[in-house]
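Coordinate analysis (summary)
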Amino acid sequence: MRIILTGGGTGGHIYPALAIAKELRERHPDVEILYIGSETGLEARLVPKSGIPFESIEISGFRRSLSFENVKTVYRFLKGVRRSRSLIRSFSADAVIGTGGYVCGPVVYAAAKQGIPTLIHEQNVIPGLTNKFLAKYVSRIAVSFTGSAQYFPTDKVVVTGNPRATEVAKADPTRGRSSLALSGSKRLVLVVGGSRGARAINEAFIEAIPQLEKQRNTHFVYVTGEVHYEQVKQMLEQSGQTMGNISVFPYIYNMPEVLATTELIINRAGASFLAEITSLGIPSILIPSPYVTNNHQEKNARWLEGHGAAAVLLERDLTANSLVTEIEQIVHVPQRLQLMKQAAKKLGEPQAADKIYEEIQKLMRR
Ligand SMILES: CC(=O)N[C@H]1[C@@H](OP(=O)(O)OP(=O)(O)OC[C@H]2O[C@@H](n3ccc(=O)[nH]c3=O)[C@H](O)[C@@H]2O)O[C@H](CO)[C@@H](O)[C@@H]1O
């Protein structure tokens, strides 16, 4: 079995592809996988770490306004299709799977035009531009939410959930705690701003530290995002905080294990993260990014909130005080924490990777 995976830009598109790779490897130890991504995306670093061969194409996204950049984007797309075609041929792919982000466009399009079975996965309720474009050409469209089906040709859609949900459901919490050098039984609260960090969350959290330090039964694991790490470290040093119950990281590579031992998460509302926290039943305080297409993160967040699984704090209302109040209203009210856990768990789809695997099998039998 020879499979090409593609997807990228941010973690929310890359990890679902890596979770599919994991599922394929578990079921077919002899499977050959090639990942095609962009040299400038996070995938160029994450994919080689997981031991999957990586090839890159050059690509950029469309600007919403008319600009010369869009002419260059079309040129790069066509160049990307040519390069993808030759990579697909020389690898002799049996199927090509895309998990969103601009880079999927030329790769999946080239495969579909060559008559190779193709599947795309959509993580969000409202689909991204690339998946909308590819819908016409691909063989199958796996979606995470029933609500996305309306945006795609009905005969191609199958509701599977997000394959990362399966990966985190199998993660070992003990390894999570030991990787953070955490001993004892303190509850772990994770603070993170999606896969790249979020300045607004960083600023509010840093200002909240003097109040949060008093919560001795809680350990805060604070992930700044790689690009913000140095600046955050400097701010913390200057503030002279003791940081007894707070550990700071630029990025966490074993996130499934850390999530498996997390009691509460404060986060943006990216779809892959939400699939992970519902799979494990983790209560959340969600601060959706207001800078995304169609405000889709708020829609993701409201969906959890509507089911009692999350509290939503809009970025415009985010301050150190509002954050501390939200945290205290959850961690200090065990009954609410418990109800949120149950509500989150009900929304989880831990069988997602198995369902996608079945779809890949069906495609290859056709
Ligand atoms: C700004 C933007 O466009 N964000 C989009 C992007 O978010 P983003 O890339 O932030 O994606 P998510 O928040 O959905 O997922 C982040 C992924 O990175 C992993 N992780 C994160 C931090 C870390 O330190 N270690 C780690 O492993 C998480 O476990 C998760 O698997 O893709 C999502 C899924 O399409 C969209 O819903 C988001 O709106």
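Predicted model, so just to flag it, every value in this text is computed and none were measured. (Residues numbered from 1 in each chain as written. Predicted model: local features only at pLDDT ≥ 70, side-chain atom pairs only at ≥ 80, totals over all residues.)

Glancing now at the domain arrangement of the chain. Here the chain is partitioned into domain 1 (2–162 + 350–365) and domain 2 (169–346). The C-alpha centroid of domain 2 is placed 29 Å from the C-alpha centroid of domain 1. The partner domain 2 presents 13 residues to the 14 residues of domain 1 that form the contact. Taken together, the residues that form the side of domain 1 that touches domain 2 break down as six nonpolar, eight polar and no charged. (Domains from an automatic or database assignment. Contact = placed C-beta atoms within 7 Å. Nonpolar A, V, L, I, M, F, W, Y, C, P; charged D, E, K, R; others polar.)

What follows covers helix α15 (residues 352–365). Given a rise of 1.5 Å per residue, 14 residues ought to cover 20 Å, and the 20 Å separating the end C-alpha atoms of α15 matches this to within 8%. Those residues of α15 not exposed but buried are A352, A353, I356, Y357, E359 and I360. On an axial view of α15, the arc spanned by its buried residues comes to 160 degrees, and they lie on one face. Turned more than 90 degrees away from the buried face of α15, the exposed residues are Q361 and R365. Looking at the buried positions of α15, the neighbouring elements they touch are α1 (11–27), β4 (95–98), β5 (118–122), β6 (140–143), β7 (157–159) and α6 (164–169). (Helix = DSSP H or I, 4+ residues; strand = E, 2+ residues; numbered from the N terminus. Expected span 1.5 Å × (residues − 1). Buried ≥ 20, exposed ≤ 12 C-beta atoms within 10 Å, placed from the backbone. Arc of directions from axis to C-beta.)

Once that is clear, we can look at the sheet that holds strand β12 (residues 284–286). Ordered in space as β10-β9-β8-β11-β12-β13, the six strands form an open sheet in which the pairing is parallel. The sheet is open, and its two borders are formed by β10 (246–249) and β13 (310–312), each paired with just one other strand. Here the strands of the sheet are splayed against their neighbours by 15 degrees on average, with no regard to which way each runs. Two elements, strand β8 (residues 187–191) and strand β9 (residues 218–223), share five bridges in a ladder whose sense is parallel. Bridged to V191 within β9 is Y222. (Pairing = 2+ DSSP bridges. Axes fitted to C-alpha atoms, helices over the stretch in contact; angles between N-to-C directions.)

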